[in-house]
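Each chain, letter by letter, is given below.
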Amino acid sequence: MAKTDVVAMILAGGQGARLGVLTKYIAKPAVPFGSRYRIIDFPLSNCANSGIETVGVLSQYQPLALNTYVGNGHPWDLDRNNGGAYILPPYQRSGRSDWYKGTANAIYQNKDFIDDCEPQYVLILSGDHIYKMNYARMLRDHIQSHADATLAVLEVPWEEAPRFGILNTGADDVISEFVEKPKNPESNLASMGVYIFTWDVLRKALIEDENDPSSNNDFGKNIVPMLLKQGKKLVAYRFSGYWKDVGTISSLWEANMDLLDRPEEINLMDRSWRIYSRNPVKPSHYIADGAVVRNSALTDGCQIFGTVEHSVLSNSVTVERGAVVKDSVLMPGVTVRAGAYLNKCIVGFNTIIGEGVRAGATIEGKTPYINGKICSEGIVVIERGLKISDHAVIPANCQVDSDLEVDPAENVVEEVFRVV
Amino acid sequence: MFIDAMGLILADNNKISLGELSKPRALAAVPFGGRYRIIDYMLSDMVNSGIKSVGILTLNKYKSLMDHLGTGASWDLDRKTFGLHILPPYVNSEATGVEDAEELAGILDYVRSNRSAYAIIANSNMILNTTFNDFVEKHEQSGADVSVMYNRDGTKYGIPNYIFDVDRKGYVKDMLFNPQKTTSNRCSLGIIVLRRELLLDLIAEMIARGERSFGVHAITKKYDTLRIRAHEYKGLVLRINNVQTYFNSSMMLLDDKVRADLFWKGMPIYTKVKDEAPALYSDSSTVSNSILSDGCRIMGSVTNSMLFRGVTISKNSKIHNCVIMQDVHVSENCELENVILDKNSVIRPGIKLVGHRDFPVVIGKGAIV
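Sequence positions are assigned chain by chain, starting from 1 and proceeding in written order. Written order determines the labels here, with chains lettered from A and ligands numbered from 1. Predicted model: local features are reported for residues with pLDDT of at least 70 only, side-chain atom pairs are reported and counted for 80 or more only, and whole-chain, interface and lining totals are derived from all residues. Think of the side-chain values as coming from all heavy atoms in the structure, minus any hydrogens and water.

What follows concerns the confidence of the model for chain B. Residues and elements named next belong to chain B. Averaged over every residue, the pLDDT of chain B is 91; residues scoring 70 or more account for 96%. With pLDDT under 50 throughout, residues 95-100 is counted as low confidence; its partners more than four residues away or in other chains account for three contacts. Overall fold confidence for the complex sits at a pTM of 0.93, while the interface term, ipTM, reaches 0.91. pLDDT: the predictor's confidence for each residue, scored from 0 to 100. Contact definition: two residues touch when any of their heavy atoms are within 4.5 Å.

Mapped onto the elements, His231 of chain B comes out in strand β10 (residues 228-232). At 2.9 Å, the side chain of His231 of chain B forms a polar contact with the side chain of Arg229 of chain B. To qualify as a helix, a DSSP run of H or I must reach at least 4 residues; to qualify as a strand, a run of E must reach at least 2; elements of each kind are numbered from the N terminus. The term polar contact refers here to a pair of N or O atoms within 3.5 Å; inside protein, the definition further demands a hydrogen-donor-capable atom paired with an acceptor-capable atom, and it admits residues adjacent in sequence only when both atoms are side-chain atoms.

Looking now at the nonpolar core. As a rule of thumb, soluble globular proteins bury nonpolar side chains together. Core analysis: the biggest nonpolar cluster contains 74 residues, and Met133 and Val194 of chain A have the highest contact counts within it. If you tally residues by element for this core, the top one is helix α8 (residues 249-261) of chain A, at seven residues. Filtering out sequence-adjacent residues up to four positions away, Val194 of chain A remains in contact with Leu123, Ile124, Leu125, Tyr131, Met133, Tyr135, Met138, Thr150, Leu151 and Ala152 of chain A. Among buried residues, the Ala, Val, Leu, Ile, Met, Phe, Trp, Tyr and Cys ones that are joined through side-chain atoms within 4.5 Å form a nonpolar core. Three exposure classes are used, based on accessible area relative to the maximum for each residue type with a 1.4 Å probe and protein chains only: buried under 20%, partly exposed in between, and exposed over 50%. Listed in part, the 56 residues of the second largest apolar core include Ala340, Leu342 and Val406 of chain A together with Val328 of chain B.

Once the charged atoms of two side chains with opposite charge are near each other, the side chains can pair. Residues and elements named next belong to chain A. Think of a salt bridge as a Lys or Arg side-chain nitrogen and an Asp or Glu carboxyl oxygen that are within 4 Å of each other. Counted by the stated rule, this structure contains 35 salt bridges over all chains. When the shortest N-O distance is used, the salt bridge between Asp390 and Lys387 registers 3.3 Å. Among the residues examined, Asp390 registers a relative accessible area of 35% and is labelled partly exposed. Salt bridges sharing partners connect three or more residues here, namely Lys244, Glu254, Asp258, Arg262 and Glu265.

Now for the pairing of strand β6 (residues 146-151) of chain B. Residues and elements named next belong to chain B. For β6, the tally of buried residues reaches six of six residues, placing the bulk of the element in the interior. Of the two faces of β6, the one carrying Val146, Val148 and Tyr150 and the one carrying Ser147, Met149 and Asn151 are both buried. Whether two strands pair comes down to DSSP finding at least two bridges between them. The pairing of β6 with strand β9 (residues 186-195) spans five bridges and is classified as antiparallel. What sits directly across from Val148, in β9, is Ile192. Pairing between β6 and β10: five bridges, direction parallel. Among the inter-strand pairings, Val146 is bridged to a residue of β10, identified as Ile228.

With 38 residues of chain B at the interface, the matching set in chain A holds 39 residues. Summed over both partners, the accessible area lost on bringing two parts together, with a 1.4 Å probe, is the buried area. Interface area lost by chain B to chain A is led by Trp264, Asp275 and Tyr281 of chain B, which between them contribute 22%. Along the contact surface separating chain B from chain A lie five salt bridges. Close ionic contact of Arg274 of chain A with Glu276 of chain B constitutes a salt bridge, the shortest N to O distance being 3.8 Å. The interface formed by chain B and chain A contains 27 residue pairs in polar contact (both at pLDDT 80 or more). Residue assignment for the side of chain B that touches chain A shows that the elements contributing at least two residues are α8 (256-263), β12 (279-281), β13 (286-288) and β14 (290-292) of chain B. Gly falls in the polar group here, along with every residue not listed as nonpolar (Ala, Val, Leu, Ile, Met, Phe, Trp, Tyr, Cys, Pro) or charged (Asp, Glu, Lys, Arg). Its residues assigned to classes, the side of chain B that touches chain A comprises 18 nonpolar, 10 polar and 10 charged. Across three bridges, the pairing between strand β16 (residues 285-287) of chain A and β14 of chain B is antiparallel. Each residue of the ladder has a partner; that of Ile287 of chain A, found in β14 of chain B, is Ser290 of chain B.

As a further point, take the domain arrangement of chain B. Residues and elements named next belong to chain B. Taken domain by domain, chain B consists of domain 1 (5-263) and domain 2 (280-363). Where each domain begins and ends is defined by an automated method or by a domain database. A C-alpha centroid distance of 32 Å is found between domain 1 and domain 2. Tallying the contact residues gives 21 residues for domain 1 and 24 residues for domain 2. Summed over the three residues of domain 1 that lose the most area to domain 2, namely Gly34, Phe247 and Leu254, the buried surface amounts to 33% of that side. Asp342 serves as the salt-bridge partner of Arg25, at 2.8 Å between the closest nitrogen and oxygen. Along the contact surface separating domain 1 from domain 2 lie four residue pairs in polar contact (both at pLDDT 80 or more). When residues in the side of domain 1 that touches domain 2 are grouped by element, the largest group, seven residues, is from helix α7 (residues 243-252). For the side of domain 1 that touches domain 2, a count of residues per class yields 11 nonpolar, five polar and five charged.

What follows is the structure in structure tokens.
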């Protein structure tokens with residue numbers, strides 16, 4: 001393999017269980033976001049735009065969609081002769097085989113891949129954040145500060161600090177302590193899950209961590225505290241700009257709505273830092289006579305005959321005449337039949353919302369689909385590849401899961417079909 | 001799908017002018033249908049037929065075409081063997097005085113180096129979504145030298161048209177260009193198939209005779225010596241013959257049936273990927289019966305129109321019956337009706353432009369109004 005100065009490793013193997021049915025068949029990084037994109041487009045495009053051309057994508061949970069999506073890396077200009085995008089699944093060795101046990105173990109298991117590139121630095125990224133960031137600038141700071149590791153941090157409002165992994169720092173932003181979700185935070189610098197390590201240092205730490213049977217093999221929980229204990233120099237790199245963890249239904253919904261309410265923050269129109277994605281090859285979208293489209297984001301292949309307000313539609317969504325879609329996120333290929341009403345719904349790939357269905361935050365009622373663990377703020381989530389029965393009523397905070405056993409009288413799923 | 005054929009697409013057509021639109025670029029590179037260029041349709045048809053080797057013949061102004069086609073990756077034609085080849089005019093500095101023969105010599109080399117049994121040659125002014133497998137198969141079975149596609153609705157698209165008269169067996173017995181009177185409504189689609197070996201012979205003969213130009217109809221006019229079979233195509237075809245038909249064909253795409261036939265038959269039309277952001281509609285937008293593309297920002301009113309990628313329509317501006325190409329900026333308080341705006345043009349605040357449905361106003365590439 002060609003030698004390179006820096007290798008990026010994207011941790012994309014997690015299930016993302018808090019996204020409920022949205023990640024039943026696909027890994028979280030492959031979940032559609034923001035009309036045209038998948039979540040993983042953001043770290044991949046950031047790498048390409050930062051000039052990092054060797055990118056390992058660690059996949060494990062439901063890898064099919066993610067692997068076919070990343071493919072040879074062509075959409076991100078990562079089909080390189082020297083380097084490029086590599087899908088790195090867990091593998092069998094002679095005598096044994098291991099799944100990725102944690103984020104650090106996933107990198108540990110691929111240390112040969114990194115060694116072959118002979119890099120000086122390794123960039124560790126996660127596949128579940130929406131942000132635009134120039135990693136080259138962070139690397140420059142890492143080199144200039146002679147750090148062993150540099151962690152990107154974001155100043156969060158103090159009242160939100162207890163939700164994050166917080167870094168306490170001293171002079172020159174040198175990190176003194178890492179505290180996971182502190183009750184009484186001493187600092188408001190939240191770790192963004194973006195790390196640059198000097199490879200020699202990380203390599204030793206990974207081996208040591210692997211030999212510790214009590215370790216969770218996790219970067220935040222184990223590797224960073226271990227390096228701090230060893231007296232290594234860890235420096236915080238302050239990032240300012242839009243950044244959002246889309247690990248929950250409500251944060252995924254919010255991040256989509258941010259594109260409409262605060263488009264200037266993530267600024268997808270910025271041609272100097274394009275977010276690339278695999279193209280669905282569909283014609284331009286069509287808005288029919290009598291349709292209403294306001295305050296929304298649409299892309300190729302959409303056909304709108306009804307009303308779409310304050311919503312984010314992925315490619316090839318059809319909204320039929322008389323249907324109303326409000327404050328919703330519709331993933332590729334969704335059809336909303338005539339007269340249906342959706343409010344604050346997230347609908348998975350290719351699902352057909354039957355005629356006259358009423359679903360969402362403003363709908364009241366009792367049903368076994370209500371799921372307070374996954375859904376909040378009234379958001380309704382609907383699995384992909386379903387036909388929702390005509391005139392079904394789906395009240396606030398429901399998760400429509402075809403595997404949920406419900407009384408036939410309460411069932412809203414008419415049909416389940418395979419989504420390619 | 002397997003097909004033993006190579007494709008040749010003629011990017012220019014000296015009988016067709018789209019005025020301002022074809023001034024800065026080859027006919028094939030004129031934007032059409034939202035996110036596409038004219039050539040995307042024919043090129044996708046060939047790719048969807050299983051053709052893996054396509055040569056694009058250009059005469060001049062081919063920079064924008066080359067930008068668009070690149071390596072052919074968007075059509076899956078970036079291949080080790082064959083793939084996409086752009087064939088610019090072949091200039092041999094040693095030869096003097098026999099210019100036309102030089103042009104053909106380049107094509108001759110390209111066709112000779114191919115290994116396919118058949119060659120499909122097409123003009124690029126026809127917009128259709130089809131595959132050529134049946135066309136080639138019927139040609140093979142018929143034993144004809146050449147098969148040429150036609151349909152019967154060409155005359156409604158205005159001139160220029162080649163009209164065929166055929167004998168009882170369906171072979172061409174006469175070919176007329178824009179005839180005043182005709183006994184036939186068979187209008188050429190400018191698409192032919194023939195054996196590659198025969199094509200080589202024909203090109204060699206053209207060179208030897210010093211003939212002026214190579215093209216589909218330069219071959220079909222040899223109906224006296226070749227057995228030329230007329231093959232009727234019954235699907236939807238939009239013809240781009242002049243600015244009026246360009247405009248009308250664009251407006252026809254607003255029809256649900258036309259879009260279904262052209263875009264949703266399961267055979268995708270490929271084009272260069274631009275990675276624009278999704279289109280954003282503001283609170284103040286009203287849009288109806290229109291096609292819009294990624295990267296558009298709509299704050300005004302758009303009706304019966306076609307917007308390409310990256311178009312901005314500012315507040316209180318009204319767009320009606322317009323075709324607006326890539327990255328055009330329409331400022332506030334404008335009113336445009338029956339206007340074609342070429343790429344990168346800018347309409348300053350408060351401008352009112354009204355064309356006629358049959359004679360749209362055309363604003364050239366990069367113009368500031």
